[in-house]
Structures are given as C-alpha cells and as structure tokens.
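So the chains spell out like this:
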Protein chains: 2
Amino acid sequence: MAGKKVLIVYAHQEPRSFNGALKDVAVAELSRQGCGVTVSDLYALNFEPRATGKDIIGSLSNPGFFNYGMETHEAYKKRTLSSDIIEEQKKLQEADLVIFQFPLYWFSVPAVLKGWMDRVLCQGFAFDFPGSYDNGLLKGKLAILSLTTAGTASMYSKTGVNGDFRYFLWPLQHGTLHFCGFKVLAPQISFGPEMASEEERKKMVASWAQRLKTLWEEEPIHCSPPWYFGQ
Amino acid sequence: MAGKKVLIVYAHQEPRSFNGALKDVAVAELSRQGCGVTVSDLYALNFEPRATGKDIIGSLSNPGFFNYGMETHEAYKKRTLSSDIIEEQKKLQEADLVIFQFPLYWFSVPAVLKGWMDRVLCQGFAFDFPGSYDNGLLKGKLAILSLTTAGTASMYSKTGVNGDFRYFLWPLQHGTLHFCGFKVLAPQISFGPEMASEEERKKMVASWAQRLKTLWEEEPIHCSPPWYFGQ
C-alpha cells in the first residue's frame, strides 16, 4: 500500500523494550511497503498529559470560569490551540492508519497516552455534535491498538480473573476511536512478554510483522456491544 | 462515622465547576459527620501524570534497560520513590474511604487522574503477587467513583449510543480498584450537568450530599462481570 500514511502513537519509556521492538518492526515493515510512517514517541517528546488552560494561547473565552471542552473547541476554531496539540492534529489529519503501541496500565493506556487522547481529540477536530461515531470527524481513517499485558491470555479470558480482554477495550475502541469516526481493526495483543522466553517474544514480534503485511486487506471489527460482551 | 478518614482525589481545573461543587459538599457533609477529610486537588498540585525514571530517587536497579514496574517496586521497598508519590501513598494508607471526583474524559478518568493511578498504586504498596483482587494490599478500604458525564442517562443505557454506563466502569472499578483490594460502592453518576437547568444541577448536588449521610451503611457492589455485563 505504497503512499499510505501511518501514524504510530508510541508510549514506552525504554527504546529497547518489547514495546519498542513492536514499534520498530511496524516502522520497518510499513516503510518497506512504501508507506509514509511517522512516530509520536510520547515519552521522548515529554508530551504533556494534563488538560489545562495552557492548551489555549492568548485569552480565554470565559476566563472567569474555565471549561476545558468549550475553551479548546473555541481555540480549535480560532487556531489558538498550543503548538504541541496542533502538531499532533496535523499528523493525525494526514494519517490513513493510526497504530497505538503501549503497555496496558490499569486495563487502559498509560497516562501520557490518555493525555494525548484528552488533548488532541478535541471538539471541532475529532468530533462534533452532530459528528460522532459513524459520522465522527476522523471518518475514513483506520485505527488499531497494539498492546502488551503483564498477565497471560488465560487471565484475560471470560473465566479468568481479569475477565475477557474485550471488556477493557470498550472505552478505548468504542468510546474513543469509534466515537471519533475511526474504523477499528482487531487489536494486536501480546500477552505477558515479560514472562515469556526470548524465543516466544521473538515469535510475538514476528507475528505482528507478519500481520502488518496484509493489514490493509483486513475488515474492521463491528464496533458495538456484541463484539465486546457477547449476546 | 466520626473518626473515619476520607481521601478525595479530585480532578477538575475550575474550583467553581459542578465537579468542584460535588467535592465541596462531600467535604462539608463528611466533616460534619466528624470524619477527617483530605483532598488531593490534582490540577492545583500540578500532579505529574507521566510514569518515568524521575519517579525513582537515586540510582536505578537496571539503568541500562528501564522497566517502570520493576523499578518502582524496588524503589517502594527501598523508600526511594519520589516525594509526590510517597505523599499520596501516605494519604491513601490512612484513608478508610477514597472518593474519586472527576468529569468523564473518553469513557475514563482525565489523564491527570490516570497518572495518579499509574504512579501511586505501585507494586508492593497497592498490590503484589500474591496480593491482588480480594487480597489486594489496600484491602479493608472503600472506594467510590463520583463522576459527571457530558451525555444523558439514556445515552449511557444498554440501547443508547454510548452503551450501558457499567461497561466503561470495568477498567476503573474492577481492573484498578478491586485489583488493589478496595471494596467498591455503587458509583455516583451525575449525568449531563452542562445540559441541565440550574435547578436540576442543585438537585444533583443535593442528592450526592444526601447519599453521603448514609454512605457508611451501604453494601459494596459485587464487583464481577455480571454486575457490569449482565448474564
């Protein structure tokens, strides 16, 4: 799929980590295909996660009563969002596919990546009313979560202590990505790399590289409650 | 319940916001009962959400390959975690009840509060192996999420666009609080205060204050898949 643009939003502190390896093979394989690949390395950028008044340059619409959602919506329209947010919005706007690469922290994304979602996906840019879910403003783009867990696959099953892995995907895939109009590809979950052997870890990395070869042919999931919670 | 200690972890930027009002009535009502109430006002503290090497004072166990979970576990045991984390752990250790007061951001907590969870609830302090779920290290404590939404209650129902509100509670109540041993009280959800009239907003605040009068008599929820996803 030469010419396609891919944004990898990457949240791991250690370049030589397993998450780093998954990011690196994705960059290599997608570049080999002729895609344009951009990486937002959130820890390396020291990306700001907190949603504050600093996200608006210049004066607020209502300085006496700070409403983050309203102020960033206005600032988006007036082009007065802070430069780090604008930079990420540009990358996202150009992307055909967004890969989120992260270790699962508390059944969710690490705070630095949550902050990317809170700040970059603002009203007017990523969604509006109307303009959510199938009509979200990022319609036409694909997204995929590629994540690692501490626990094993059996711990993340319907009868495991952590429940089915699909349960924790709901806020991220449906509540965030689908809400903004993305079509969501099935997640790439690498279970328990820290407990695995070096050989098993290599297999997991190779399996991700292999999947990326035909990722563009995949059908998105049907992102609604039955996918997550069964009947 | 005079003598009980309560920690309110509060994540809103605007003191005069609806979230601020819910926090204020909780402080007032619980103080009236004779409880000791502490508030961690995360934006006012400019609380750091990013999980980085700065969370460990002095030398790392493995400086050549940074592993956040391992390093913070070691640092907890050696008492070399950064002072902001130690401060929050002390407040949490003393608390009988923890109230999380926040606006829902992307079906979850704002990044500043996610960072509080990522950094404060470290291995050795909040959980261990063994030492999770019903045996989590914060066993004996109660927790409750008090949150506001942008959408209405019907939007957060089984047939609504956002799905049942219990779906998005799973990672927070089960994957985080229950995992650390908390008993979880039913959430206090104030739906759509921004779309409500001033009178309706006052009713929502009063209803929270009223509930707090008898909160100590409540039975925790049974925090397992049926509560969230039905049969």
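Residues numbered from 1 in each chain as written. Chains lettered and ligands numbered in written order. Predicted model: local features only at pLDDT ≥ 70, side-chain atom pairs only at ≥ 80, totals over all residues. Heavy atoms only, no water.

Structural notes on the overall build of chain A
From N to C terminus, chain A includes seven helices and six strands. Starting at the N terminus, the α and β elements of chain A follow one another as β-α-β-α-α-β-α-β-α-β-β-α-α. A globule of 231 residues ought to have a C-alpha radius of gyration of about 17 Å, and chain A, at 18 Å, matches this closely. Across its three principal axes, chain A shows a C-alpha extent of roughly 55 × 40 × 30 Å. Counting all 231 residues of chain A, 58% fall into the buried class. By sequence separation, contacts in chain A at least 24 residues apart represent 77% of the contacts at least 6 residues apart. Accessible area of chain A: about 9,500 Å², with a carbon and sulfur share of 54%. (Helix = DSSP H or I, 4+ residues; strand = E, 2+ residues; numbered from the N terminus. Rg over C-alpha atoms; globule rule 2.2 N^0.38 Å. Buried < 20%, exposed > 50% of the residue type's maximum accessible area, 1.4 Å probe, protein only. Contact = heavy atoms within 4.5 Å. Areas by Shrake-Rupley, 256 points an atom, 1.4 Å probe, with all protein chains shown as cover.)

Let's talk about the packing of helix 3 (residues 83–94) of chain A against helix 4 (residues 111–120) of chain A
Residue and element names in this part refer to chain A. Interaxial distance between helix 3 and helix 4 falls to 10 Å at its minimum, and their mutual angle equals 90°. As far as their axial angle goes, helix 4 and helix 3 are roughly perpendicular. Between helix 3 and helix 4, the residues in contact are Asp 84, Ile 85, Glu 88, Gln 89 and Leu 92 and Trp 116, Arg 119 and Val 120, respectively. Each residue belonging to the contact of helix 3 with helix 4 can be placed in one class, and the counts come to four nonpolar, one polar and three charged. (Axes fitted to C-alpha atoms, helices over the stretch in contact; angles between N-to-C directions. Parallel < 35°, antiparallel > 145°, perpendicular 65-115°, else oblique. Nonpolar A, V, L, I, M, F, W, Y, C, P; charged D, E, K, R; others polar.)

A closer look at the environment of A:Leu142
As for its position among the elements, A:Leu142 is in strand 4 (residues 142–148). For the pair A:Leu142 and A:Arg166, spaced 24 residues apart in sequence, the C-alpha to C-alpha distance is 18 Å.

Some details on the pairing of strand 1 (residues 5–10) of chain B
All names here are of chain B. Within strand 1, five of the six residues are buried, leaving the element largely enclosed by the surrounding structure. In this structure, strand 1 lies alongside strand 2 (residues 36–41), joined through six bridges in parallel fashion. Residue Ile 8 lies in a different strand from strand 2, and its bridge partner there is Val 39. As a crossover connection, the stretch from strand 1 through helix 1 (residues 18–32) into strand 2 is right-handed. (Pairing = 2+ DSSP bridges. Right-handed = clockwise from strand over helix to strand, strands pointing away.)

Some words on the pattern of salt bridges
Enumeration according to the criterion identifies 26 salt bridges over all chains in this entry. One salt bridge connects A:Glu29 with A:Arg32, and the closest N-O pair in it is separated by 2.8 Å. Here A:Arg32 and A:Glu29 lie together in helix 1 (residues 18–32), a separation of three residues that amounts to about one turn. Residue classification places A:Arg32 among the exposed residues on the basis of a relative accessible area of 56%. Residue B:Asp84 is joined to B:Arg119 by a salt bridge in which the shortest nitrogen-to-oxygen separation is 3.0 Å. Highlighted residues: B:Asp84 in helix 3 (residues 83–94) and B:Arg119 in helix 4 (residues 111–120), separated in sequence by 35 residues. Judged by relative accessible area, B:Arg119 falls into the buried class, the value being 2%. Residues joined by salt bridges that share partners form a network here, namely A:Glu29, A:Arg32 and A:Lys213. (Salt bridge = Lys/Arg side-chain N within 4 Å of Asp/Glu carboxyl O.)

Things to note about helix 4 of chain B
Burial of helix 4 of chain B is extensive: ten of the ten residues sit out of reach of the surface. Those residues of helix 4 of chain B that sit buried are B:Ala111, B:Val112, B:Leu113, B:Lys114, B:Gly115, B:Trp116, B:Met117, B:Asp118, B:Arg119 and B:Val120. Those residues of helix 4 of chain B hidden inside the fold are in contact with helix 4 of chain A together with strand 1, helix 2 (68–78), helix 3, strand 3 (97–103) and helix 5 (165–178) of chain B.

Let's talk about the UniProt feature "domain: Flavodoxin-like fold" (unreviewed entry) in chain A
In the numbering used here, UniProt assigns the "domain: Flavodoxin-like fold" (unreviewed entry) feature to residues 4–212 of chain A. Between the first and last C-alpha atoms of residues 4–212 of chain A the distance is 13 Å; the span itself is 37% helix and 15% strand. (UniProt positions renumbered as here; feature names shortened; annotations may be inferred.)

Observations regarding the nonpolar core
Counting residues in hydrophobic clusters, the biggest one holds 110 residues, and the most contacted among them are A:Phe100, A:Trp116, B:Phe100 and B:Trp116. Those residues within four positions of A:Phe100 in sequence are excluded, and the remaining contacts are A:Val9, A:Leu113, A:Trp116, A:Met117, A:Ala143, A:Ile144, A:Leu145, A:Ser146 and A:Leu177. (Core = buried A, V, L, I, M, F, W, Y, C linked by side-chain atoms within 4.5 Å.)

Description of the packing of aromatic side chains
Overall, the coordinates contain 45 aromatic pairs over all chains when judged by the stated rule. Note on A:Phe66 and A:Tyr68: the rings are 6.2 Å apart at their centroids and 65° apart in plane angle, and the pair reads as edge-to-face. Each of the two residues, A:Phe66 as well as A:Tyr68, counts as buried. Ring centres of B:Phe165 and B:Phe191 lie 6.2 Å apart, and the angle between their planes is 70°; this geometry places the pair in the edge-to-face category. Taken together, the residues B:Phe165 in helix 5 and B:Phe191 in the loop between strand 6 (188–190) and helix 6 (198–213) connect sequence positions 26 residues apart. The positively charged end of A:Arg166 is found above the aromatic ring belonging to A:Trp227, 4.2 Å away from the centroid. (Phe/Tyr/Trp six-rings, centres within 6.5 Å; stacked < 30°, edge-to-face > 60°. Lys NZ or Arg CZ within 6 Å of the ring centre and 35° of its normal.)

Topic: the side chain of A:Gln188
All names here are of chain A. Tracing the backbone through its elements, the reader meets Gln 188 in strand 6 (residues 188–190). Overall, Gln 188 belongs to the buried group, its relative accessible area being 11%. One polar contact links Gln 188 to Arg 211, side chain to side chain, over a distance of 2.9 Å. When neighbours within four sequence positions are excluded, Gln 188 is seen to be in contact with Ile 144, Leu 145, Ser 146, Leu 147, Ser 207, Trp 208 and Arg 211. (Polar contact = N/O pair within 3.5 Å; in protein donor to acceptor, adjacent residues only side chain to side chain.)

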